[in-house]
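Now for the letters of each chain:
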2 protein chains.
Amino acid sequence: MVEVKFLPSNKTVSVQDGSNILQAAIAAEVQVESTCGGKGTCGKCKVRLQTGEADKGVNLTPAEKKFLTPAEIESGWVLACQHILSEDAVVVLQEQKDAYDRKAGFHDSEKIRAHAPGIRKLALDLKEPTVGDQGADWERVVRALPVEDVPFSRPVAASLPQKLRQGKFKVTAVLDGVRLLAVEPGDTRDRSYGLAIDIGTTTVVVYLVDLNRGTVIASGAVTNPQNIFGADVIARITHAAGGPQALQELQEKVVGGINGIIAQLTGKCEVSPEEIYQAVVVGNTTMSHLFLGIDPSFLAPAPFIPAFQQAVEIEAGELGLNILATAIVTVLPNVAGYVGSDTVGVMLAGGADRLQGVNLMVDIGTNGEIVLVGKGSILTCSTAAGPAFEGAEIKHGMRAAEGAIERVHISSDVEVGVIGGTKPRGICGSGLIDALSEMVRVGVVESSGRLAAKEAQLENLPPLVRRRLRGSGGGAEFVLVWGEDSATGEDLVISQKDVRELQLAKGAIMAGIRVLLRELGAEVREIDRVFLAGAFGNYIGKQSALGIGLLPLVPLDRIAAIGNAAGDGAKMALLSVAEKERALSLARQARHIELSSDKGFQEEFIDALSFEQKV
Amino acid sequence: MVEVKFLPSNKTVSVQDGSNILQAAIAAEVQVESTCGGKGTCGKCKVRLQTGEADKGVNLTPAEKKFLTPAEIESGWVLACQHILSEDAVVVLQEQKDAYDRKAGFHDSEKIRAHAPGIRKLALDLKEPTVGDQGADWERVVRALPVEDVPFSRPVAASLPQKLRQGKFKVTAVLDGVRLLAVEPGDTRDRSYGLAIDIGTTTVVVYLVDLNRGTVIASGAVTNPQNIFGADVIARITHAAGGPQALQELQEKVVGGINGIIAQLTGKCEVSPEEIYQAVVVGNTTMSHLFLGIDPSFLAPAPFIPAFQQAVEIEAGELGLNILATAIVTVLPNVAGYVGSDTVGVMLAGGADRLQGVNLMVDIGTNGEIVLVGKGSILTCSTAAGPAFEGAEIKHGMRAAEGAIERVHISSDVEVGVIGGTKPRGICGSGLIDALSEMVRVGVVESSGRLAAKEAQLENLPPLVRRRLRGSGGGAEFVLVWGEDSATGEDLVISQKDVRELQLAKGAIMAGIRVLLRELGAEVREIDRVFLAGAFGNYIGKQSALGIGLLPLVPLDRIAAIGNAAGDGAKMALLSVAEKERALSLARQARHIELSSDKGFQEEFIDALSFEQKV
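Residues numbered from 1 in each chain as written. Chains lettered and ligands numbered in written order. Predicted model: local features only at pLDDT ≥ 70, side-chain atom pairs only at ≥ 80, totals over all residues.

Enquirer: Looking at this structure, how should I read the overall build of chain A?
Expert: Each helix and strand in chain A was counted, giving 21 helices and 26 strands. For chain A, the C-alpha radius of gyration of 27 Å lies close to 25 Å, the compact-globule estimate for 615 residues. Dimensions along the principal axes, computed over C-alpha positions, put chain A at roughly 105 × 70 × 45 Å. Buried residues in chain A amount to 52% of all 615 residues. For chain A, long-range pairs separated by at least 24 residues make up 67% of all intrachain contacts whose partners lie at least 6 apart in sequence. (Helix = DSSP H or I, 4+ residues; strand = E, 2+ residues; numbered from the N terminus. Rg over C-alpha atoms; globule rule 2.2 N^0.38 Å. Buried ≥ 20, exposed ≤ 12 C-beta atoms within 10 Å, placed from the backbone. Contact = placed C-beta atoms within 7 Å.)

Structure representation (structure tokens):
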């Protein structure tokens, strides 16, 4: 046995000699990013060996030579799935930052081009007051600024006398447009930070951004602490409808979660929360309401009315956000009750107002939001189709985590790829789409969505695949993984009911796309690009998505995953006043189509349920 | 003995048959307004008899017939000093309101002419949303308003969905300029209230104003609760310099005091605090800083620099003021470290920008602020001269309350008038000025300020007056009231030191006036009007003020008391946007003369110490 200690968590585990670091990490229940399931093909499981392995760079596998730079090898980096443990080791894991930033694929460089943030810092060298020059402190500072009509700020004025005298009247003014956010003793111009915040129903992600350099210097994520009131937006709205106190509770929960990340990121980066001068927030409409403590009650019942739609600017102190109290927090505008500022972020990051031709943007998360751009219009719609693809209501559905089946291929038998390379525990979204697509392709599922049952159908299946079909009618199911190969000992199956759930979901999304196409007066063949936003879009098999009819049948090379585009949009709006203006303009331009009242939607929906491929 | 119960305090007292109500009130320690000392000449001690005296209007004295209207007599009103008690009685005292309003003498009608408040209420009849009209609630309301660029308000949006639906989309919008302060279900246009607040170092006064009708409907006062940290501004500043927590403590104290009055006034008038949409605050510069929680540390040492000078607009919620959280609280601007928004209020109420000729405004409170207006200029200065006139540092000095000597006349002997008509306990400001003036006039005090000691001086005094002079040098004193006639049994005296204190105080004020006159290039004879602001100004003997050289020697009819002009200014700014603008303009126009650095001040000061009368 060898002992492996993981930093920074300090978790220690004993594993058999000959185990690899990835296996040790799973045993220690620490998270190591890996998308190929330990095959050495994704290169994402980089970790650094700290001690106990004196000879760095020896016994490297071909995969390690491929994915590690000489500098990384020199510093002791290895691939966790490749490195065999032969003695005790201390392993330093990559910060969660890297895992998240890698998902934000649209801006690989993490550098937003042409950044021009709203925050300006100005070094002032003021005259000290005398009995002949008794002007007040606030007026003394404001008169030295190159802007007019600076609104009075009580919090800034409150401590101004001390700050001015600490700095011997040499201070740095922090301006956001014409607002004076802070006055700091001395010259602090080289330090200026902001936050981009993506509030998901499930996960909250915070990016700490260096506003001078235009780079993300750290990021972190937590499960949205509101989840104790329920997993989906309807449960949250129901809780909020309990009255002002319940609403406040939800507001404080999510702010508390964000504050937790802020504490962690600022500690790590040696940034004071007081040096964070701005934040931009995106989220679905319900999350925006709850973050601001605004009653979302009437989002739930038809006609789905939000309390507000416009962008909101508010001081951090009013929200309880632990950054500079006077920092302006901008919540980007929503488009409708179920098309939120996260979708506006997607439009911004995807460049919806700059693309030529006809472009489709699909963000499948807890809900499915669809944007169709072209012919001078921006159309949006929303379907409640998402959760099935996140594993909700699916018998063995689970989130994309260790032990989740993420890839399925059927030839003579079923082959699966599992996150973390362990025995499978369930199936995540990309696995479900793969499985369904393969099942349709080989004939396990017929075009109506029924599992094959007729003798003629079964005869065409390879024997090992056919063995996996059992039961009949509503109780029919298809075994993906036999119990002997699963982590739970239980057979992992796709049930007839699962197929129906997925069928309804993909049908709703496709019908939404078709309604928007009709509204725009465009055909599927006119679609120039399909952007898949969100983590889901990164991992989904494009061919499989086409295979089940989740996306319209366009050439594969027109489909691109754009990562966490909602968060990218928030970063862009944070780093550039012009980009923020674009976001507001995009939200104004967008025309929302309410599917529940659209006359053609039902017909499109029923038509889209079929697994028959149409153009 | 008869038993007398006073309402609303419910205090009960037994007094001898034949006592009057004023005597009973003093015994019960309840406050009855009276300025003539029970002589029946001021008519201010009106009280209402509730029971026990069946025959109303019988046995009225000539004084009662003079001061009471037939309606008042019909309702059981009597003068407390005139009504002799012959059986048990229940006496209803006038509300404190009346006592305070009576002091606000400038607007006797309590009605501000041409009121046009910033608050507007608009009844809206909105279309209910449908799936074909999914616009958000906030946008639905804002689009119906007759103003552009309404800034988003989180608190209003927070409860908007409920309010709209409670009112079935018939609501009243409350606007302050372009700000949307509240949305109320139904049509509430007939109810609209505001507060004028005068924060004194010693006393805080709050006026509840009906904005629709332009009238004060109630007012109340409390001792400024900050007084536990010291009586004067320097003590408060010293405490505030202890750090942010001490500063917050002072802020919360004064807001707590105001909230106490608000609770009382709103309860009495059946107004909800949520129906108070605006407040205007005046106070000296230190009080303004502390009310806003802004560090006043550098007001104390030279060069006396305030943290801010401009008018401040801030939401009530941010200050913890218990009115509508979104209500805008305007603190009028200050002019300098010791010329605050209270003086701006005086300028506004006094019409400093509209007066013809040369006009002098003097507000003697804890400090003495002086404004000289004329020849196109507004000049201000401040002296720390006030406290002596409030009885501070004076051996038998006291505030104007029961038992205070408020009038002094010397002929063959000394005669005094006492507040409440009781035996005297001490001397208040107007009594001190009277006493000093009379002592100068008859020769008890020589023009240098020394108490008479030379035989030639004493010989000219009436024998009974001469008897009252005793001791010599610094220990000399003049007995105003012999112990047998005083409430304490102690002789009440004006000491040589007292004379010196008053001499320094009046010298400082007169020197300030002379410096301003010189700065303006005007002579005393050019002064057209002298306005005396504040409670002090109401009670001061004008002739005595001239007699001691506190004011420049102008004809008596040019001197007018204008009551609580600071509070009147606050009311005017509350009731009229144009008046508020005038206040800001007056503060900008005012040029402050810092006496401590003025080259001529010392000379003027020494010259002004003399009691010799000069023009």
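From this point, things continue past the structure.
Enquirer: So what exactly am I meant to see when it comes to unusual backbone geometry here?
Expert: Negative phi is the rule for most residues except glycine; trans is the rule for most peptide bonds. In this structure, the amide linkage connecting A:A302 to the following residue, A:P303, adopts the cis form with an omega of 5°. Within the fold, A:P303 resides in the loop between α9 (285–292) and β13 (312–315). Despite not being glycine, B:E270 has its phi angle at roughly 55°, a positive value. With respect to the secondary-structure elements, B:E270 resides in the loop between α8 (244–269) and β12 (276–283). Owing to 7 C-beta atoms within 10 Å, B:E270 belongs among the exposed residues under this scheme.

Enquirer: What is the right way to read the sheet that holds strand β8 (residues 179–185) of chain A from this model?
Expert: Residues and elements named next belong to chain A. In spatial order, the strands read β6-β7-β8; together these three strands make up an open sheet with antiparallel pairing. Single-partner strands in this sheet number two, and they are β6 (119–125) and β8. In this sheet, neighbouring strand axes are inclined to one another by 25° on average, regardless of whether the strands run parallel or antiparallel. Strand direction decides the pairing type here: β6 and strand β7 (residues 170–176), joined by seven bridges, are antiparallel. The partner of K121 across the bridge, within β7, is V174. Of the strands in this sheet, β7 and β8 touch helix α6 (residues 154–166), which is tilted by about 30° from β8. (Pairing = 2+ DSSP bridges. Axes fitted to C-alpha atoms, helices over the stretch in contact; angles between N-to-C directions.)

Enquirer: I keep staring at helix α21 (residues 601–608) of chain A and nothing clicks. Help me out?
Expert: Owing to its 3.6 residues per turn, the α-helix aligns residues three or four sequence positions apart on the same side. All names here are of chain A. Turning to α21, its buried residues number three or more, namely F601, E604, F605 and A608. Each buried residue of α21 lies within a common arc of 100° when the element is viewed along its axis, so the set occupies one face. In α21, the exposed positions angled more than 90 degrees off the buried face are occupied by Q602 and I606. Contact partners of the buried residues in α21: α16 (496–520). (Arc of directions from axis to C-beta.)

Enquirer: I tried to follow the domain arrangement of chain A on my own but got confused; where do I start?
Expert: When the parts come together, some accessible area is lost, and that loss is often what is quoted as the size of the interface. Assigned domains of chain A: these are domain 1 (2–94), domain 2 (119–185), domain 3 (193–331) and domain 4 (354–615). A separation of 35 Å is found between the C-alpha centroids of domain 1 of chain A and domain 3 of chain A. (Domains from an automatic or database assignment.)

Enquirer: For this particular structure, what's the right way to read the interface of chain A and chain B?
Expert: Chain A puts 40 residues into the contact, and the matching count from chain B is 40 residues. Counting only elements with at least two residues in the side of chain A that touches chain B, the list comes to α5 (137–143), α6 and β13 of chain A. Sort the elements by how many residues they give to the side of chain A that touches chain B and α6(A) lands first, with seven residues. When its residues are assigned to classes, the side of chain A that touches chain B shows 22 nonpolar, 12 polar and six charged. (Nonpolar A, V, L, I, M, F, W, Y, C, P; charged D, E, K, R; others polar.)

Enquirer: Just checking my understanding: could you explain helix α1 (residues 21–28) of chain B for this structure?
Expert: In terms of burial, α1(B) is a largely internal element, seven of the eight residues being buried. Turning to α1(B), its buried residues number three or more, namely B:I21, B:L22, B:Q23, B:A24, B:A25, B:I26 and B:A28.

Enquirer: Just to check I follow, could you spell out the relation of the copies chain A and chain B for this structure?
Expert: In this arrangement, two copies of a chain are superimposed by a rotation about an axis accompanied by a shift along the axis. Overlaying chain A with chain B gives an RMSD of 0.3 Å, the required rotation being 180° about an axis along which the chain moves by 0.1 Å. In the structure described here, the two chain copies are related by an operation that fits a two-fold rotation axis. Judged by C-alpha distance, A:E318 is the residue of chain A that lies nearest the rotation axis, at 4.4 Å. (Least-squares fit on C-alpha atoms with pLDDT ≥ 70 in both.)

Enquirer: It is not clear to me how the environment of A:V171 should be interpreted in this structure. Could you clarify?
Expert: Residues and elements named next belong to chain A. Note on placement: V171 falls in strand β7. Here the alpha-carbon distance between V171 and R470, two residues 299 residues apart in the chain, equals 76 Å. Once you skip the residues sitting within four places of it in the chain, V171 turns out to touch L124, K163, L164, V183, E184 and P185.

Enquirer: Help me understand the pairing of β13(A) in this model?
Expert: Where a strand is regular, its side chains alternate between the two sheet faces. Residues and elements named next belong to chain A. A one-sided burial pattern is seen for β13, the buried positions being V312 and I314 and the unburied ones E313 and E315. Bridge count for β13 against strand β14 (residues 328–331) is four bridges, and the pairing is antiparallel. Bridge pairing links V312 to V331 in β14.

Enquirer: Quick question: what am I supposed to make of the nonpolar core here?
Expert: One broad rule of soluble globular proteins: the nonpolar side chains tend to lie buried together. In terms of nonpolar packing, the biggest core is built from 338 residues, with A:V206, A:L480, B:V206 and B:L480 touching the most fellow members. With 12 residues, the top contributor of residues to this core is helix α16 (residues 496–520) of chain B. The residues contacting A:L480, other than those within four sequence positions of it, are A:I405, A:V408, A:V414, A:V416, A:I427, A:A435, A:L492, A:V493 and A:I494. (Core = buried A, V, L, I, M, F, W, Y, C linked by C-beta atoms within 7 Å.)

Enquirer: Before we go on, may I ask you to explain the sheet that holds strand β25 (residues 559–561) of chain A in this structure?
Expert: Within a sheet, each strand pairs with its neighbour through backbone hydrogen bonds, oriented either parallel or antiparallel. All names here are of chain A. Within the open sheet, the six strands sit side by side as β25-β24-β15-β16-β17-β26. Their pairing is mixed. The sheet is open, and its two edges are formed by β25 and β26 (591–592), each paired on a single side. Pairing of strand β24 (residues 527–533) with β25, which is carried by three bridges, proceeds in the parallel orientation. If you follow F531 over to β25, its bridge partner there is A560. Across the sheet, helix α11 (residues 341–350) lies against β15 (358–364), β16 (368–374), β17 (377–383) and β24, angled at about 140° from β15, the strand it touches most.

Enquirer: I would appreciate a short explanation of the pairing of strand β17 (residues 377–383) of chain B in the present structure.
Expert: Residues and elements named next belong to chain B. With six of seven residues buried, β17 is to be regarded as a mostly interior element. In terms of strand pairing, strand β16 (residues 368–374) meets β17 through seven bridges, oriented antiparallel. Bridge pairing in β17 places L372 opposite L379. Counting the residues in the hairpin turn of β16 and β17 gives two residues, including K375, whose phi is positive at 50°. In the sheet, β17 pairs with strand β26 (residues 591–592) via two bridges, with the strands oriented parallel. By the bridge assignment for β26, T380 is matched with H592.

Enquirer: Where do I start with the packing of helix α19 (residues 565–575) of chain A against helix α20 (residues 577–589) of chain A in this structure?
Expert: Two quantities define a packed helix pair, namely the angle between the axes and the distance from one axis to the other. Residue and element names in this part refer to chain A. Look at α19 against α20: their axes get within 5 Å of each other, and the N-to-C directions meet at 125°. If you check the angle between α19 and α20, you find them oblique. Counted together, G569, M572 and A573 of α19 and E579, K580 and A583 of α20 form the full contact between these two elements. By residue class, the composition of the contact of α19 with α20 is three nonpolar, one polar and two charged. (Parallel < 35°, antiparallel > 145°, perpendicular 65-115°, else oblique.)

Enquirer: Is there a simple way to explain the environment of B:A566 in this structure?
Expert: All names here are of chain B. Relative to the helices and strands, A566 resides in helix α19 (residues 565–575). Considering only alpha carbons, one finds A566 and C269, 297 residues apart in sequence, at a separation of 24 Å. Excluding residues that lie within four positions of it along the chain, A566 makes contacts with D198, V282, D342, G345, V346 and A533.

Enquirer: Explanation requested: the confidence of the model for chain A in the structure shown.
Expert: Low-pLDDT portions of the prediction should not be read for the details of their coordinates. All names here are of chain A. Counting all residues, the mean pLDDT for chain A is 89, and 94% of those residues have values of 70 or more. Considering only residues more than four positions removed or in separate chains, one finds that residues 95–111, a stretch of pLDDT under 50, has 36 contacts. Reported for the predicted complex are a pTM of 0.79 and an ipTM of 0.79. (pLDDT = per-residue confidence, 0-100.)

Enquirer: Looking at this model, I keep getting lost on the environment of A:V4. Mind explaining?
Expert: All names here are of chain A. With respect to the helices, strands and loops of the structure, V4 is situated in strand β1 (residues 2–7). Considered as a pair, V4 and S596 are 592 residues apart in the sequence and their alpha carbons are 55 Å apart. Leaving out residues up to four positions away in the same chain, V4 has contacts with T12, V13, V15, A24, L85, A89 and V91.

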